[in-house]
Amino acid sequence: MKVRKAVFPVAGLGTRFLPATKASPKEMLTVVDKPVIQYVVEEAYDSGIRQMIFVTGRTKRAIEDHFDLNFELENELEVKSKKELLGVVRRIKPDDMSCFFVRQEKPLGLGHAVGCAREIIGKEPFAVLLPDDLMVNDIPVTSQLIDIYDKNDASVIGVQEVPLDQVERYGIVQIDDHKRITGIVEKPKANEAKSNLAVSGRYIFTAEIFDALSEVTPGALGEIQLTDAIQILLKSQDAYVKKFEGKRYDCGDKLGYLKANVELGLQHDELGSEFKDWLEKIKI
Ligand code: G1P
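Residues numbered from 1 in each chain as written. Predicted model: local features only at pLDDT ≥ 70, side-chain atom pairs only at ≥ 80, totals over all residues. Heavy atoms only, no water.

*Asks:* Would you mind going over helix 1 (residues 36–46) with me for this structure?
*Replies:* For an α-helix, 3.6 residues make a turn, and residues three or four places apart therefore share a direction. Judged by how many residues are buried, helix 1 sits mostly within the fold: nine of eleven residues are covered. Taken together, the buried positions of helix 1 are Val36, Ile37, Gln38, Tyr39, Val40, Val41, Glu43, Ala44 and Tyr45. A positive phi of about 95 degrees marks glycine 48, the residue just after helix 1. (Buried < 20%, exposed > 50% of the residue type's maximum accessible area, 1.4 Å probe, protein only. Helix = DSSP H or I, 4+ residues; strand = E, 2+ residues; numbered from the N terminus.)

Structure follows, in structure tokens:
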């Protein structure tokens, strides 16, 4: 079965980014000139996915508005013949893309958020993209995972190697020689981690993950962890890792976000070369 749907858990409070996120969704923070969530939705679209499911919460209205038609704005740009800007606005939600919004009523964790999409997903495989993780690569990371899903007909998790002193920030997987996952633990201590392969915010799941999620009890931080559901899924199905090609920026973290702005600013068609000259001038 083809991967046609993607889930974006966007209900988180973004406390790591206060004060910026007191009244605005962290997913709407801009990297250069686009909100973080738009980059991630574009990654899913460029991977062939057309149905986007946002698991939202209170204070996240701006995300719905961003992917909705803004009739007054489009009308104004049309009347003033601002064709280029009109194109920019229309490309946010191409005509063949559908958006669905479902509320996560209580902040019970990432696993719970993904579970909120169960009825919209039904019985098909789907992608999960965590908007904190901004991925940059010519071949979108989600499409790299879909290739592995298509080969094995089994769940796939995007991973990257991280320094041992950072394993505490991630889900950490163990694998066998066939890149099959043999175990997964959420945020282990460095001295307890069985590897340095970190889950990096991109997943393809078979629909059976929902049964696994319904068995999960609150784990690390008192939350329903997606990682714990994956561990349960392994009892009945294989799941694989993909060490993806590409660069990952942690946009849920102030420093990662700044790095994303600088690097993508340098690559920007209109601004890149002037920005580079300026950076060279202020270099300490
Ligand atoms: C989540 C997942 C974790 C994963 C990480 C990647 O953690 O629970 O397994 O490694 O995203 O960004 P969070 O960053 O939400 O604490």
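*Asks:* In this structure, what is going on with the environment of alanine 239? I would like to understand it.
*Replies:* Turning to its location among the elements, alanine 239 is positioned in strand 12 (residues 239–243). Measuring from C-alpha to C-alpha, the distance between alanine 239 and lysine 179 comes to 8.6 Å, with 60 residues separating the pair along the chain. If we ignore the near neighbours within four places in the chain, the residues touching alanine 239 are Ser155, Lys179, Arg180, Ile181 and Leu234. (Contact = heavy atoms within 4.5 Å.)

*Asks:* Which parts of the structure should I look at to understand the pattern of salt bridges?
*Replies:* Counted under the stated rule, the structure contains 21 salt bridges. The salt bridge partner of lysine 26 is aspartate 132, with a shortest N-O separation of 3.1 Å. Of this pair, lysine 26 sits in the loop between strand 1 (5–9) and strand 2 (30–31) while aspartate 132 sits in the loop between strand 6 (126–129) and strand 7 (133–136), placing them 106 residues apart in sequence. Of the residues examined, lysine 26 reaches a relative accessible area of 17% and is grouped as buried. (Salt bridge = Lys/Arg side-chain N within 4 Å of Asp/Glu carboxyl O.)

*Asks:* Before we go on, may I ask you to explain the packing of helix 3 (residues 71–79) against helix 4 (residues 83–90) in this structure?
*Replies:* A pair of packed helices is characterised by two quantities: the angle between their axes and the separation of those axes. Contact geometry of helix 3 with helix 4 gives a least axis separation of 8 Å together with a crossing angle of 155 degrees. Classified by the angle between their axes, helix 3 and helix 4 sit roughly antiparallel to one another. The chirality of how helix 3 crosses helix 4 is left-handed. Together, Leu73, Glu74, Leu77 and Glu78 of helix 3 and Leu85, Leu86, Val89 and Arg90 of helix 4 make up the contact between the two elements. Class assignment of the residues belonging to the contact of helix 3 with helix 4 gives a composition of five nonpolar, no polar and three charged. (Axes fitted to C-alpha atoms, helices over the stretch in contact; angles between N-to-C directions. Parallel < 35°, antiparallel > 145°, perpendicular 65-115°, else oblique. Left-handed = near helix turned anticlockwise from the far one by under 90°. Nonpolar A, V, L, I, M, F, W, Y, C, P; charged D, E, K, R; others polar.)

*Asks:* I'm lost on the site of the ligand in this one. Help?
*Replies:* Taken together, the neighbourhood of the ligand is formed by Leu110, Leu130, Asp133, Tyr170, Gly171, Glu186, Lys187, Val199, Gly201, Thr227 and Arg248. Contact between the ligand and aspartate 133: an oxygen atom at 2.8 Å from a side-chain N or O atom of the residue. Residue glutamate 186 places a side-chain N or O atom 2.7 Å away from an oxygen atom belonging to the ligand. Protein chains bury 78% of the 380 Å² of accessible surface belonging to the ligand in isolation. Class assignment for the residues of the shell around the ligand results in four nonpolar, three polar and four charged. (Near = heavy atom within 4 Å. Polar contact = N/O pair within 3.5 Å; in protein donor to acceptor, adjacent residues only side chain to side chain. Areas by Shrake-Rupley, 256 points an atom, 1.4 Å probe, with all protein chains shown as cover.)

*Asks:* Mind showing me how you'd approach unusual backbone geometry here?
*Replies:* Note: most peptide bonds trans; most residues except glycine with negative phi. Cis geometry marks the peptide bond from leucine 18 to proline 19, where omega comes out at 5 degrees. Looking at where proline 19 falls in the secondary structure, it is placed in the loop between strand 1 and strand 2. The phi torsion at valine 32 lies on the positive side, around 60 degrees, for a residue other than glycine. Locating valine 32 in the fold gives a position in the loop between strand 2 and strand 3 (34–35). Taking the relative accessible area as the measure of exposure, valine 32 reaches 25% and is therefore partly exposed. In this model, lysine 179 sits at a positive phi of 65 degrees, which is unusual for a non-glycine residue.

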